[in-house]
Amino acid sequence: MEAMKISKRFFAFGILTCIAVYVAYVKWHLGSKPFVGTTEGVAESRGDKLTHQAVTTDLSVFYGIMFDAGSTGTRIHIFKFAQQPRETPRLTHETFKALKPGLSAYADDVEKSGQGIKELLEVAKKEVPMELWKFTPLVLKATAGLRLLPGEKAQKLLEKVKEIFQASPFFVRDNCVSIMNGTDEGISAWITINFLTGRLDDPQRRSVGMLDLGGGSTQITFLPRTKATLQTSPSGHTTSFQMFNHTYKLYSYSYLGLGLMSARLAILGGVEGKPLGEGEELISPCLSPGFKSEWQHAEIVYKIKGQKAGEPLYESCSNKVAKMLYKKVHRAGEVKDLDFYIFSYYYDCAAEAGLIDKEKGGSLTVSDFEIAAKYVCKTMEISPGNNPFLCMDLTYITFLLQELGFPKSQGFKLARKIDNVETSWALGATFHYIDSLNRLQY
Ligand SMILES: O=c1[nH]cnc2c1ncn2[C@@H]1O[C@H](COP(=O)(O)OP(=O)(O)O)[C@@H](O)[C@H]1O
Ligand SMILES: [Ca+2]
């Protein structure tokens, strides 16, 4: 694969420094075995034999493993970095594998939760050369699924994962398994997208914002250009973070319960974690009239039903969605002047509706979602089709984007991968983690 250059200024310098310190750190931490594929400079100081080895294997290779324990699935990202002597390191490859359901589905059967984690760890063992296993950091971060679970249940699941991680041959620290807070999730995804589009290392290029629509929560993150945005934001909506000797002041907020699956439940009138009573069913104006089925969410099965035919489906559904979203979302004025990438269920729904190519992604406006919602809802007045939720989902997205402050004409970019790397928070979080190892040293 064509390698991507991290390169230039602070970012290149930062990553160089932090990898060097990180190597020093793991060597110090784990003993003094020579580091395979060490750089020429390091090897020279270690005597003839190693110098010779460095000439023949002059490429340093580093890996980082990040598990994304999302509400609807668990995914492993294995990142490979390469560094030529005296050159900046490059992200050269990502291996990605996803499993369903998410960790939270095993809340009442913790033992079973380990199976998927072990399966994904096997992928890492195949991908990372054996001699680098113990230098390769292994981390799991959980998002909305575990945030929504009672604390004790979530902790038990995390303990189980930690046990498995500690028994693995990879480099694990005490904080290797955690629930990530929503702001960090947004920041990490923002780092990923700005890194992959080459904006982090080029101050001349304006950064892009990002919107992620998960199953349980949804995030908005961008770098404000006006002071007014930072000054008028509600508390908790702005954040400062440091990475590679640079401080960023971002607008970032995660709405727990407004991920697509949680939103479906709220639109249907259900309550998270609460099963329906005997004979009860959820009747929705967003489902095809007369449609009847069962829907499972967070391990609970709900009986669901469409409303009797009457008002046009899009009108009745949008009234319901607007009510559900009323006063839940902050409108940041500046967003209409910025470029945004949108991820996850925004992408999946757009692909499902045929608005973008499933593989290649594309560009869409809020209006495109609205037109698709109106069209799909119209067809659902006759038949539920293959995806009985599509009218609801597209209507929800249309309203959510407007509640966030985007006008109908706003365009968005949709990309699942850029240069063969998943556009997920995982890469940004890996950079951040490596940087935190760096800070640990000083
Ligand atoms: O790395 C990824 N690559 C592709 N899609 C992803 C990735 N991570 C999450 N998704 C998408 O995110 C959505 C589910 O969100 P998730 O399960 O992460 O919920 P959460 O973020 O609310 O915990 C799905 O559309 C899934 O395809
Ligand atoms: Ca997610």
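Fair warning: this is a prediction, and the values are worked out from it, not measured in the lab.

Asker: For this particular structure, what's the right way to read the nonpolar core?
Answerer: Within soluble globular proteins, side chains that are nonpolar tend to cluster in buried spots. Judged by nonpolar contacts, the single largest core of 62 residues is most densely connected at Leu211, Ile220, Tyr396 and Phe406. Broken down by element, this core gets its largest block of residues, nine residues, from helix H13 (residues 390-403). The residues touching Phe406, leaving out its near neighbours within four places in the chain, are Leu211, Ile220, Val335, Phe340, Val366, Leu401 and Phe412. In terms of nonpolar packing, the next biggest core, distinct from the first, is built from 35 residues, Phe62, Met210, Trp425 and Ile434 among them.

Asker: Just to check I follow, could you spell out the sheet that holds strand S12 (residues 292-297) for this structure?
Answerer: Strand pairing in a sheet relies on backbone hydrogen bonds. The paired strands run either parallel or antiparallel. With mixed pairing, three strands are arranged side by side in an open sheet as S11-S13-S12. Either end of the sheet is taken by a strand with one partner, and the two such strands are strand S11 (282-284) and S12. Sheet twist, expressed as the average angle between the axes of neighbouring strands with direction ignored, equals 35 degrees. For S11 and strand S13 (residues 300-306), the ladder comprises three bridges, and the chain directions are parallel. Each residue of the ladder has a partner; that of Leu282, found in S13, is Ile304. Its contacts with the sheet place helix H9 (residues 260-268) against S11, S12 and S13, and it is angled at close to 135 degrees to S12.

Asker: What is the right way to read the UniProt feature "active site" (unreviewed entry) in the protein chain from this model?
Answerer: Under the feature "active site" (unreviewed entry), the UniProt entry names Glu185. Its place among the elements puts Glu185 in helix H7 (residues 182-196). Apart from residues no more than four positions distant in its own chain, Glu185 is found in contact with Thr143, Arg147, Met180, Ser217, Gln219, Ser254 and Trp425.

What counts as what
- Residues numbered from 1 in each chain as written.
- Chains lettered and ligands numbered in written order.
- Predicted model: local features only at pLDDT ≥ 70, side-chain atom pairs only at ≥ 80, totals over all residues.
- Heavy atoms only, no water.
- Core = buried A, V, L, I, M, F, W, Y, C linked by side-chain atoms within 4.5 Å.
- Buried < 20%, exposed > 50% of the residue type's maximum accessible area, 1.4 Å probe, protein only.
- Helix = DSSP H or I, 4+ residues; strand = E, 2+ residues; numbered from the N terminus.
- Contact = heavy atoms within 4.5 Å.
- Pairing = 2+ DSSP bridges.
- Axes fitted to C-alpha atoms, helices over the stretch in contact; angles between N-to-C directions.
- UniProt positions renumbered as here; feature names shortened; annotations may be inferred.

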